[in-house]
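Structural overview for review
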Amino acid sequence: TNLQALCVRCHVRKTRGQRHDMLSSRTAREAAEVEGAALQNAAAVAAASPPPPPPPPATLALDALELSSLQLLRGMNQQQLAAVVCADGPLRVAAGPGTGKTRVLTARIAHLVEEARVPPQRVLAVTFTNKAARELRERITRLIGPCEADAITMGTFHSLCLAILRQDITRLPEELPYRSGFAVYDEYSSLKLIKKLKMRLEGGSATGAAEQTAEQKKKDDFSAGAVQAIISAAKNDMYDAQRFRLHPPAKLRALGAQKLRLAAAVFEGYQQTLRDENIIDFDDMLLLTETLLRTSERTRRKYAGHWRHLLVDEFQDTNSVQYQLLSLLARDHKNVFVVGDADQAIYGWRGADIRNQARLDSEFAIRTLPPAVPAVPLPHGAYESVQALQTAVQAIPLPPLPRSGGGRQLNLELNYRSRQGILDMAMRLLSPAYAADPSAQLRLVTPEATAEDALLELPDEQWVDAPSAAECVQLVQLEDGEHEAEYVVDEILRIRDAALAAHCSHTRAHTRAPTPPSIAILYRTNAQSMAFERRLVREGVPYVLAAQRSFYARKEIRDALAYLQLLRNNDTIALERVLNVPPRKIGATSVEALYAASEACGVSLWRAVELYATSAAPLCDADAALIEDRLPKLRANVVNAVRGFYELITRFRALVDQASAAHEEEEALSARGGATALEGDGREGEEVVRLKMVSSEIRRRLRDPSGRDDEGRAGLADDYSMAEAEVALEAMAAEAEALAEERGGGGARLSEEARDEDG
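Just so you know, these numbers come straight off a predicted model, no measurement behind them. (Residues numbered from 1 in each chain as written. Predicted model: local features only at pLDDT ≥ 70, side-chain atom pairs only at ≥ 80, totals over all residues. Heavy atoms only, no water.)

**Focus: the environment of Leu-201**
In plain terms, the rule: Secondary structure elements are taken from DSSP: a helix is a run of H or I of four residues or more, a strand is a run of E of two residues or more, and numbering for both begins at the N terminus. Remark: exposure states derive from per-residue accessible area (1.4 Å probe, protein chains only) relative to the maximum for the residue type, with buried under 20%, exposed over 50%, and partly exposed in between. Contacts: residue pairs with any heavy atoms within 4.5 Å of one another.
By the secondary structure assignment, Leu-201 is in helix H9 (residues 187-201). On the accessibility criterion, Leu-201 (48% relative accessible area) is partly exposed. Distance in space between the C-alpha atoms of Leu-201 and Gly-269 is 9.8 Å, their sequence separation being 68 residues. When sequence neighbours within four positions are dropped, the list of residues in contact with Leu-201 reads Leu-262, Ala-265 and Val-266.

**Let's talk about the pattern of salt bridges**
This is how the line gets drawn: Any Lys or Arg side-chain nitrogen located within 4 Å of an Asp or Glu carboxyl oxygen qualifies as a salt bridge.
Applying the stated rule across the entire model yields 25 salt bridges. Between Glu-290 and Arg-294 there is a salt bridge, and its shortest N-O distance comes to 2.9 Å. With Glu-290 and Arg-294 both in helix H14 (residues 282-295) and 4 residues apart, this pair spans about one turn of that helix. Residue Glu-290 is classed as buried on the basis of its relative accessible area of 1%. Arg-294 sits in the partly exposed class, given a relative accessible area of 48%. Between Glu-486 and Arg-535 there is a salt bridge, with its nearest N and O atoms 4.0 Å apart. Taken together, the residues Glu-486 in helix H21 (residues 481-508) and Arg-535 in helix H22 (residues 529-539) connect sequence positions 49 residues apart. Overall, Arg-535 belongs to the buried group, its relative accessible area being 16%.

**Let's talk about the sheet that holds strand E3 (residues 153-156)**
Within a beta sheet, neighbouring strands are joined by backbone hydrogen bonds and run either parallel or antiparallel to one another. We apply this condition: Strand pairing follows a simple DSSP-based rule, namely that at least 2 bridges must link the two strands. Angular values range over 0 to 180 degrees, each being the angle between N-to-C directions of two axes fitted as lines to C-alpha atoms, with helices fitted over their stretch in contact.
Taken in spatial order, the 7 strands of this open sheet run E3-E2-E6-E7-E1-E9-E8, and their pairing is parallel. Two strands in the sheet have a free side with no partner beyond their single neighbour: E3 and strand E8 (366-367). Strand contacts of helix H16 (residues 320-330): strand E2 (123-127), strand E6 (309-312) and strand E7 (336-340), with the helix running at about 160° to E6, the strand carrying the most contacts.

**A closer look at unusual backbone geometry**
In this model, Pro-370 is joined to Pro-371 through a cis peptide bond whose omega is -5°. Structurally, Pro-371 can be placed in the loop between E8 and helix H18 (386-394). Going from Val-581 to Pro-582, the amide bond is cis rather than trans, its omega being -5°. Mapped onto the secondary structure, Pro-582 falls in the loop between helix H24 (572-578) and helix H25 (588-601). The backbone of Met-238 shows a phi angle near 70°, a positive value even though the residue is not glycine. Positionally, Met-238 belongs in the loop between helix H11 (224-236) and helix H12 (241-246). The residue Asn-278 is not glycine, and still its phi comes out positive at about 55°. The residue Asn-278 is located in the loop between helix H13 (257-276) and strand E5 (279-280) in this model. On the basis of relative accessibility, which here comes to 3%, the residue Asn-278 falls in the buried class.

**A look at the packing of aromatic side chains**
Here is the rule: Only centres within 6.5 Å qualify two rings of Phe, Tyr or Trp (six-membered ring in Trp) as a pair; their planes then separate them into stacked at under 30 degrees, edge-to-face at over 60, and tilted for everything else. Counted as over-ring charges are cases with an Arg CZ or a Lys NZ within 6 Å of the ring centre that also lie within 35 degrees of the ring normal.
Per the stated rule, a full pass over the model turns up 5 aromatic pairs. With 5.5 Å between their ring centres and 35° between their planes, Trp-606 and Tyr-646 make a pair best called tilted. Of this pair, Trp-606 sits in helix H26 (residues 605-613) while Tyr-646 is found in helix H28 (residues 636-671), placing the two residues 40 residues apart along the sequence. In this structure Trp-606 comes out as buried when scored by relative accessible area, which is 6%. Taking NZ or CZ as reference, Arg-243 lies 3.9 Å from the ring centre of Tyr-239, over its face. The ring of Tyr-347 carries the charged tip of Arg-350 above its face, separated from the ring centre by 4.3 Å.

**Notes on helix H6 (residues 130-144)**
Where we set the bar: To estimate how far a helix should reach, multiply one less than its number of residues by 1.5 Å. To obtain the arc, one takes the directions from the helix axis to the C-beta atoms.
End to end, H6 covers 21 Å across 15 residues, agreeing with the expected 21 Å (1.5 Å per residue, within 8%). Turning to H6, its buried residues number three or more, namely Asn-130, Ala-133, Leu-136, Arg-137, Ile-140, Thr-141 and Ile-144. Viewed end-on, H6 has its buried residues packed into an arc of 135°, placing them on one side of the element. Backbone geometry just downstream of H6 places Gly-145 in the positive-phi region, at approximately 95°.

See below:
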């Protein structure tokens, strides 16, 4: 239990909660070992009962069921258990909403590690949002402990591909000359570049900095956002710029030849700019990784051999590139497990392809095999002991693997979320889509539709009422929005009054009162909320308007990230964003002049800034001739402002280089055992220590390829920024150390004068 036995670096990277989880998991394992030994002794004494029958061939994985399975599988129904313990061969699970697919996914991962003895570093779990990845990791940690959970690779497709490209992007074909240390454009930076290229091709302003009026935006029916969507969709369909120009997708022909030519020209210029500046965007993460694995057999075998078990959540939302990635990684071992539901495929507008389910079934020979696993809980008493659980699981009619190879399809149809009336109405609405094959539709049922004795194993929170469909779903047609708001609020008041009356009756009877109902109003557009808000206020009903803005979408955060990006790359988009942030008398007109100067001299925008900033200093003959012949004149105050900005960036770039060199020296000393002597002299100031702790936390998050935002694609927007933040923090730490030495070795606290001087 002595956590200080960890090395200093590992100890600092663990949060207090993680250290607590480590101790808890160790205590739980020791208790499980003691309890297992006691049960084995009791079984040896009471040898009167015959041993359980041997498992059938399809459930060989059940031979290794241990005491931990009681906690791991407790409360699962037969369909969920079948999806967990069928650990051999390809498996596709068709999981209806509210059927516990996330629990099945986490339990299967834990079963592979704890029972099937698969090394955790050989498991790859892919989700579609960073929030889902975080929740998955938290659940896995609670099941198997932080040590094993940290070794499992979990994240989104984009974070997985980013981690692969960080390691092996130099193995791409020669026509894709990307280098290590590339940057990543988020959607905002991508749109900015596309807007600039589009305006240049249309003969407009070269900078794209001037804001359009509302009337201009209204007239522009083919905006930069539309071009960005076309390019993104083309990449998701595995089109590069050349193929798009020669053979555009058939679904885009309705746009007309002129718009397609413009989109193709912007596409080519966009990709050329990204390659020249060593930048990729979100769609490139997937497309370049697929190209890497497809063209480099050595790289494909490296990652396919490393991850021997692949698990994918929300499989119905995969696009063509994501399916190809899955196919390339699972082609050798075929240990692929996907969870999805065709009825929940709602992201076709974002590139999701529901045909991937048929492709998976065809490539891995997945089929629905008899017998069908019933949607019922396990019998009462199945979780009293390991032997009882083995007996109950062996009684589940698991479909065997085909003799000719291939995999199985299993269903999850026991719904714990909705009432049966809602499920019946939903299935009735979806039934026309299954007219050709009605047996393919999932038949969702609630626990009340199962045997009464099986319900005894359900937790209290899974009990639901079973009113009729008419009580669950009502369709009301009203005259306008005001009448709609009046009707809805009246219904809320009726429900609230009924709940208050029930509470009073239980209070008089001294019994536990039911939980007050929680009510939500959903609407399509934000403008519709006003009518409901007015009515709720008038009736005195408290409410919360759920609306929040993403942290990384705030202007000040984007400005800070642009500064960090500019410290590592001469990024034109980042430079344009922060040239006048904070205001330094470099307005839109001055920015256009800088762009004109860069085009006149045939150099980048950063090079133009550098020429103006160093024009007063002694120059080489080439730069002097360039300034004399081509560089337009600017006002003196603008040149001074540009010079101050240039000096600011170059000073902090030097600090970045110093911090990187110091970090490499520290790593070398640590490898030789010399870090202890340096860290033990106690001369570091409090601010330096704090900065290094923050930097260590950022470095730990970088090593974990899981995402950080709630949206899968947008969640990687700050991935490159985290790397820049790490370097910038190291630079600040180095500067603080230098200031501490200059001031006599005291704490690295900056005075007000020093902070003002350093900006």
